[in-house]
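Structural features, examined
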Amino acid sequence: GDRVLAEVNAAVTTIQTTLAEANESLRQNNSGNAVLSALMKEASAGRIKGVYGRLGDLGIIDSKYDTAISTACSSLNFVIVDTTATGQKCVEFLRKNSLGRASFIILDKMRPAEGKPSYLPAGATRLFDLVKVKDQLFLPAFYFALNDTLVADNMEQARKLAYNERRRFRVVTLDGKLLDTSGTMSGGGNQSQQGGMKASFAP
């Protein structure tokens, strides 16, 4: 009796945790979508020029890497703008209308994206090289967001890539486990992060 009750309680806790995670994710998504929609509306009306949209919408990646990039790239929901002045206009607009907060990547402050460096481990794949951009203009923003983060099929391969003899690398697995250069690892939970980028551009 007690064992069954403990198992039922454990199952209920797991369901509650999953629901809490899903609700929080939805709340953040809805809030982010509202902010982005409002900014894009201002941009398309010509009231704020130089707003390009959400980083994750300005590139595509094969669906195989959806979890990996959604996990490894915390900047996918950042809004891309051309200059600091545009970013300031966006912030003022959001504040004035009590719409919430947004983070911005300012294109003219980005250093150029680098070609494949010679120091990568043999056979390694950077997430950055798997992204197809809507416009070459956005490459520096993706490089800023991803840098030389590598993608691995599994943890065994990830460990070999992360801690090779020459230098340490940040590596994410296809199922969303992340090894950082500091030696920390994150992953697990009931929900892997997905949907940060699409496999094709919306028509």
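Residues numbered from 1 in each chain as written. Predicted model: local features only at pLDDT ≥ 70, side-chain atom pairs only at ≥ 80, totals over all residues. Heavy atoms only, no water.

**What to know about the overall build of the protein**
The line we're drawing: Secondary structure elements follow DSSP: runs of H or I of four or more residues count as helices, runs of E of two or more count as strands, with numbering from the N terminus. Relative accessible area decides the class of each residue, using a 1.4 Å probe on protein chains only: under 20% of the type maximum gives buried, over 50% gives exposed, and in between gives partly exposed. Residue contacts are counted whenever heavy atoms from the two residues lie within 4.5 Å of one another. The method behind every accessible area is Shrake-Rupley, applied with a 1.4 Å probe, and residues are considered shielded solely by the protein chains displayed.
Each helix and strand counted, the protein has five helices and ten strands in total. Put simply, the protein has 203 residues, and 37% of those count as buried. Considering only contacts in the protein between residues 6 or more positions apart, those separated by 24 or more positions represent 62%. If you sum the accessible surface of the protein, you get close to 12,000 Å²; carbon and sulfur atoms cover 51% of it.

**Overview of the sheet that holds strand 1 (residues 51-54)**
Condition: At least two DSSP bridges between two strands are required for those strands to pair. Only the stretch in contact is used when fitting a helix axis, every axis being a line fitted to C-alpha atoms; angles between N-to-C directions are given from 0 to 180 degrees.
Spatially, 1-3-4 is the arrangement adopted by the three strands of the open sheet, whose pairing is mixed. Across the chains shown, the open sheet's two edge strands, defined by having one partner strand only, are strand 1 and strand 4 (104-106). Taken over all neighbouring pairs, the strand axes of this sheet differ in orientation by 20 degrees on average, direction set aside. Pairing geometry for strand 1 and strand 3 (residues 79-81), over three bridges, is antiparallel. By the bridge assignment for strand 3, Val51 is matched with Val81. Running at roughly 160 degrees to strand 4, helix 3 (residues 84-96) makes contact with strand 1, strand 3 and strand 4 of the sheet.

**Details of the packing of aromatic side chains**
Spelled out, the test is: Only centres within 6.5 Å qualify two rings of Phe, Tyr or Trp (six-membered ring in Trp) as a pair; their planes then separate them into stacked at under 30 degrees, edge-to-face at over 60, and tilted for everything else. Criterion for a charge above a ring: Arg CZ or Lys NZ at most 6 Å from the ring centre, at most 35 degrees from the ring normal.
Per the counting criterion, the structure on display carries three aromatic pairs. Ring centres of Tyr52 and Phe138 lie 5.3 Å apart, and the angle between their planes is 70 degrees; this geometry places the pair in the edge-to-face category. Here the residue Tyr52 occupies a position in strand 1, and Phe138 occupies one in the loop between strand 6 (132-133) and helix 4 (139-146), the gap between them amounting to 86 residues. The class for Tyr52 is partly exposed, based on a relative accessible area of 31%. The cationic tip of Arg167 hangs over the ring face of Tyr119; the distance from NZ or CZ to the ring centre is 3.9 Å.

**Thoughts on unusual backbone geometry**
The backbone of Ser98 sits at a positive phi, close to 50 degrees, despite the residue not being glycine. Residue placement: Ser98 occurs in the loop between helix 3 and strand 4. Owing to a relative accessible area of 67%, Ser98 belongs among the exposed residues under this scheme. One non-glycine residue, Asn147, lies in positive phi territory at about 50 degrees. In this structure, Asn147 sits in the loop between helix 4 and strand 7 (150-152). Using a relative accessible area of 32% as the deciding quantity, one classes Asn147 as partly exposed.

**Section: the environment of Ala141**
Here Ala141 is to be found in helix 4. For Ala141, a relative accessible area of 0% puts it in the buried group. Taking C-alpha positions, Ala141 is 8.6 Å from Arg111, a pair spaced 30 residues apart along the chain. Apart from residues lying up to four places away in sequence, Ala141 is in contact with Leu55, Ile80, Ile105, Leu107 and Met110.

**Re the side chain of Arg126**
The following threshold applies: Think of a polar contact as two N or O atoms within 3.5 Å of one another; within protein, one of them needs to be a possible hydrogen donor and the other a possible acceptor, and neighboring residues in sequence only count if both atoms come from side chains.
Position of Arg126 relative to the elements: it lies in strand 5 (residues 125-126). Taking the relative accessible area as the measure of exposure, Arg126 reaches 0% and is therefore buried. Separated by 3.4 Å, the side chain of Arg126 and the backbone oxygen of Glu114 make a polar contact. When sequence neighbours within four positions are dropped, the list of residues in contact with Arg126 reads Glu114, Gly115, Lys116, Pro117, Leu120, Tyr143, Asn147, Asp148, Thr149 and Leu150.

**Some words on the confidence of the model for the protein**
As a reminder, the rule being used: Per-residue confidence from the predictor is reported as pLDDT, a score between 0 and 100.
Counting all residues, the mean pLDDT for the protein is 85, and 82% of those residues have values of 70 or more. Predicted confidence for residues 11-30 stays below pLDDT 50, and this span has six contacts to residues more than four positions away or in other chains.

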